[in-house]
Protein chains: 2
Amino acid sequence: MARIVQKFGGTSVADLDRINAVARRVAQTAADGDEVVVVVSAMAGVTDEMVERASTINSLHDAREYDVVVSTGEQVTSGLLALALQHLGVTARSWLGWQIPIRTDGVHGRARILAVETDELEARLARGEVAVVAGFQGLGPDRRVTTLGRGGSDTSAVALAAALKAERCDIFTDVDGIFTTDPRIVARAHKLDRITYEEMLEMASVGAKVLQTRAVGLAMTEGVRLRVLSSFGDGPGTLVVDEDEIVEKQHVSGIAYSRDEAKITLIRVADRPGVAADIFGPLADADINVDMIVQNVSADGKATDLTFTVTESDLDRAILVLGEHKKALGYADLVSDANVVKVSVIGVGMRSHAGVAQCMFRALAEKGINIQVISTSEIKVSVLIAEEYTELAVRSLHAAYGLDAA
Amino acid sequence: MARIVQKFGGTSVADLDRINAVARRVAQTAADGDEVVVVVSAMAGVTDEMVERASTINSLHDAREYDVVVSTGEQVTSGLLALALQHLGVTARSWLGWQIPIRTDGVHGRARILAVETDELEARLARGEVAVVAGFQGLGPDRRVTTLGRGGSDTSAVALAAALKAERCDIFTDVDGIFTTDPRIVARAHKLDRITYEEMLEMASVGAKVLQTRAVGLAMTEGVRLRVLSSFGDGPGTLVVDEDEIVEKQHVSGIAYSRDEAKITLIRVADRPGVAADIFGPLADADINVDMIVQNVSADGKATDLTFTVTESDLDRAILVLGEHKKALGYADLVSDANVVKVSVIGVGMRSHAGVAQCMFRALAEKGINIQVISTSEIKVSVLIAEEYTELAVRSLHAAYGLDAA
């Protein structure tokens, strides 16, 4: 007997038929003798609809009331799934964030979980009751409903798994697991049996939108074993685990890409200490994340060009902010380009293997793809290239690192 | 400065434009210096949709989970209206049943309000904040969401008005007030300026579906002054008040009718003491309400015919129950008729005026309408007639009692 948290995303509970299918799966797990806590998202599209309503009625909405409106989607699913389970003869009960409670801070709209009180849930699990928890929501210090930000149900599931010391947290989604790259681009991409938290973090943050980054980070910190698998099939999915649980380490586990990138170049910025802080300070104040940065060597010792990337959705705001500070920053001109993509090779194995970056540069050069910016971390090498080369670059790298399935 | 509770039904908040219109009305009341508590229903159609989902997924649904699902509609409206008010510069905050809390008993799906804790609301009202309360919901003794049954938002509003000692409870709906009869049948029907609680109770229970009966009863018990008015116009509506607040009492205030009636006649029931209890006991056990009853005089002293009415929706079940007990009851045959309508003349004035019933019988006789069953109370005379005569009967009675507008 094990204790399992199972999380089902919006596409897995998109309509009543799918909710019934989820109920059958949960019932099977319970019948196998496991203790089950289910975490559910809103039915696909519902949260978007609620967000749009709130934004339409008040574009500068009070996040407290926004949370009241958007948290209803998960509430509906939790009640319906409890009903579906009861219909199958399974003892089940729904739980809202305030009922458990899942205590969060007061940052409405993107609250952080502070504590999960498990006494009541423990007692219910002990007598064989399945708990169906509305994801994405908690109770703020002001006794008001909070939400955890988009994709927050993953975080709910991991936090519950940690608090309840669950053996595993299963994330059911609409794909079979984590792939070496996007199968829509590379037909020979294959599912990974295991991946480390750190690799998953990189995969998630560069576009493989299967798991919320924050949830992976929490799972890593709390040592929660994650499994990503399809709610529509019976495959074993991909286990996300500690590095020491992975026997045969690949140099490179996967190729990720993100189209949501834009490049900004500031021409002839003063080449003096502190200028980077002067530029990135106002952007940080405006809540704009800067990712890759490259500073050219100054030709004359006075001025240099500075290039960096932001998400495409932040581009207009970034240009506005930099324009407002143009005098203080003293740059000559600003050039931007939204037609760029970030391609990354990822793998914990590269820590102990030289030449991973070199292999990447050579593979891209052979296809005549120009690299605009490079950034590296211990387990990742990312390059910024023109967006039109996305598929070519991903396919070439997938082959170059020996990831094409046999 | 007064303290006002304003309740808006589903059609008044049917879409975002209407929610904005409600916000403007509430804002005006607040700008006039009144303390305002708003109670909202779900957007029109939403509750029906939720009920259907719950019923589809589990026809024998657990009322606890049903409540979790169906209570979300009012939650959405409360958040959206708070946002709309804030957009107009009004300080506003939404309140769910569990947050106030509105404490109810544990009869999920049709819970009764036991207490409303007002400390927090009082403090907020004192500093000029508008409270937007999700109607229809409360907190049960098991710390779970309860709902009050269909139309329960009226009851929420009256309970809040009573607990907060509000000067008035305004029920905004899609009609201008309470009419002497259904204007779709009688073009010369006119709006009443005032009506007593008792008259309203009769009007509500016989088909003028403007106010929930339970809410009127609670208002009468608690002495809450009700006003029924249109959310789409600026008219003063109808005040529902104590009898002593009505200066000029009409003999008859209105003509109501209900098509949701069915007649059952048991042929040759034994004419012995206790037979009525034997018949109506099993029906009561099956939660079937019996309304009008008439027992014919026994011709031979051994057996008699017994006629009574139930709601049309209960007819099939009533026939089933009576069939199961046929042997014990010993009747010869059962005849039923769903093509009947109950027409009632209502007025507190008839207490002190003889001849009200006589006027009714004469008016119907003049049109050749046969009366099948008669029942009377202190402020009401009802007759059961063939459904095809509904409009003719209502129009004739409206004229006969001098209610046709000048």
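In what follows, the structure referred to is the one given above.
Residues numbered from 1 in each chain as written. Chains lettered and ligands numbered in written order. Predicted model: local features only at pLDDT ≥ 70, side-chain atom pairs only at ≥ 80, totals over all residues.

Asker: Can you help me understand the overall build of chain A in this one?
Answerer: Secondary structure assignment for chain A yields 13 helices and 18 strands. In terms of C-alpha radius of gyration, chain A reaches 23 Å, essentially the compact-globule figure of 22 Å for 406 residues. Taken along its principal axes, the extent of the C-alpha atoms in chain A is 75 × 55 × 35 Å. Of the contacts formed within chain A by residues at least 6 apart in sequence, a portion of 75% connects residues at least 24 apart. (Helix = DSSP H or I, 4+ residues; strand = E, 2+ residues; numbered from the N terminus. Rg over C-alpha atoms; globule rule 2.2 N^0.38 Å. Contact = placed C-beta atoms within 7 Å.)

Asker: So what exactly am I meant to see when it comes to helix α4 (residues 72–87) of chain A here?
Answerer: Side chains three or four residues apart in an α-helix point the same way, a direct result of the helix having 3.6 residues per turn. Along its 16 residues, α4 of chain A runs 23 Å from first to last C-alpha, staying within 8% of the 22 Å computed at 1.5 Å per residue. The buried count for α4 of chain A comes to 15 of 16 residues, which makes it a mostly enclosed element. (Expected span 1.5 Å × (residues − 1). Buried ≥ 20, exposed ≤ 12 C-beta atoms within 10 Å, placed from the backbone.)

Asker: Teacher, can you tell me more about the packing of helix α6 (residues 152–163) of chain B against helix α8 (residues 213–222) of chain B here?
Answerer: The relative placement of two packed helices comes down to the angle between their axes together with the axis-to-axis distance. All names here are of chain B. Their axes nearest at 8 Å, the elements α6 and α8 cross at an angle of 10 degrees. One way to sum up the angle between α6 and α8 is to call them roughly parallel. The hand of the α6/α8 crossing is left-handed. Touching Asp154, Thr155, Val158, Ala159 and Ala162 of α6 are Arg214, Ala215, Leu218, Ala219 and Glu222, all from α8. Looking at the contact of α6 with α8, its residues break down into six nonpolar, one polar and three charged. (Axes fitted to C-alpha atoms, helices over the stretch in contact; angles between N-to-C directions. Parallel < 35°, antiparallel > 145°, perpendicular 65-115°, else oblique. Left-handed = near helix turned anticlockwise from the far one by under 90°. Nonpolar A, V, L, I, M, F, W, Y, C, P; charged D, E, K, R; others polar.)

Asker: How do you make sense of the interface of chain A and chain B when you look at a structure like this?
Answerer: How big an interface is tends to be expressed through the accessible area that disappears when the partners come together. Facing the 29 residues of chain A at the interface are 29 residues of chain B. Put simply, the parts of the chain that give the side of chain A that touches chain B at least two residues each are α1 (16–31), α2 (46–57), α3 (63–70) and α4 of chain A. Here the side of chain A that touches chain B gets eleven residues from one element, more than from any other, and that element is α4 of chain A. Class assignment of the residues belonging to the side of chain A that touches chain B gives a composition of 13 nonpolar, twelve polar and four charged.

Asker: What am I meant to see in the nonpolar core here?
Answerer: When a protein is soluble and globular, its nonpolar side chains tend to lie buried together. Val38, Leu81 and Leu160 of chain A together with Val38, Leu81 and Leu160 of chain B are the most contacted members of the largest nonpolar core, which has 234 residues in total. Sequence-distant contacts of leucine 160 of chain A, defined by excluding residues within four places in its chain, comprise Val5, Val37, Val39, Val116 and Val133 of chain A. (Core = buried A, V, L, I, M, F, W, Y, C linked by C-beta atoms within 7 Å.)

Asker: Before we go on, may I ask you to explain the relation of the copies chain A and chain B in this structure?
Answerer: Comparison of the two chain copies shows a relationship of rotation about an axis with a shift along it. Of the transformation superimposing chain A on chain B, the axial component is 0.1 Å and the angular component is 179 degrees, with the fit at an RMSD of 0.2 Å. Taken together, the rotation angle and the small translation identify this as a two-fold axis. Residue threonine 72 of chain A, judged by its C-alpha, is the member of chain A lying nearest the rotation axis, at 2.9 Å. Same-surface contact between copies: 100% of interface residues of chain A are shared with the interface of chain B. (Least-squares fit on C-alpha atoms with pLDDT ≥ 70 in both.)

Asker: Please clarify how the pairing of strand β6 (residues 130–134) of chain B should be interpreted in this entry.
Answerer: The side chains of a regular strand alternate between both faces of the sheet. All names here are of chain B. β6 sits mainly inside the fold: five of its five residues count as buried. In β6, alternate side chains face the same way, and those of Val130, Val132 and Ala134 on one face and Ala131 and Val133 on the other are all buried. As paired elements, strand β2 (residues 35–40) and β6 share four bridges and run parallel to each other. Following the sheet pairing, valine 39 is matched in β6 by valine 133. Where strand β3 (residues 92–95) meets β6, four bridges bridge the pair, whose relative direction is parallel. When the bridges of β6 are listed, arginine 93 appears paired with alanine 131. (Pairing = 2+ DSSP bridges.)

Asker: Help me understand the pairing of strand β12 (residues 238–241) of chain A, please; the structure alone is not making it clear to me.
Answerer: Residue and element names in this part refer to chain A. As judged from the three bridges shared by strand β10 (residues 194–196) and β12, these two strands associate in the parallel manner. Residue pairing in the sheet places isoleucine 195 in a bridge with valine 240 of β12. Pairing of strand β11 (residues 226–230) with β12, which is carried by three bridges, proceeds in the antiparallel orientation. Counterpart to valine 228 in the pairing with β12 is threonine 238.

Asker: Can you walk me through the sheet that holds strand β1 (residues 3–8) of chain B in this structure?
Answerer: One key point about sheets: their strands pair by backbone hydrogen bonds, in either a parallel or an antiparallel sense. All names here are of chain B. Pairing in this open sheet of eight strands is mixed, and the strands run β3-β6-β2-β1-β9-β11-β12-β10 from one edge to the other. Each edge of the sheet is formed by a strand with only one pairing partner; in this case those strands are β3 and β10 (194–196). The sheet shows a mean angle of 20 degrees between the axes of neighbouring strands, taken without regard to direction. Sitting on the sheet, helix α5 (residues 119–126) is in contact with β2, β3 and β6, with an inclination near 145 degrees to β6.

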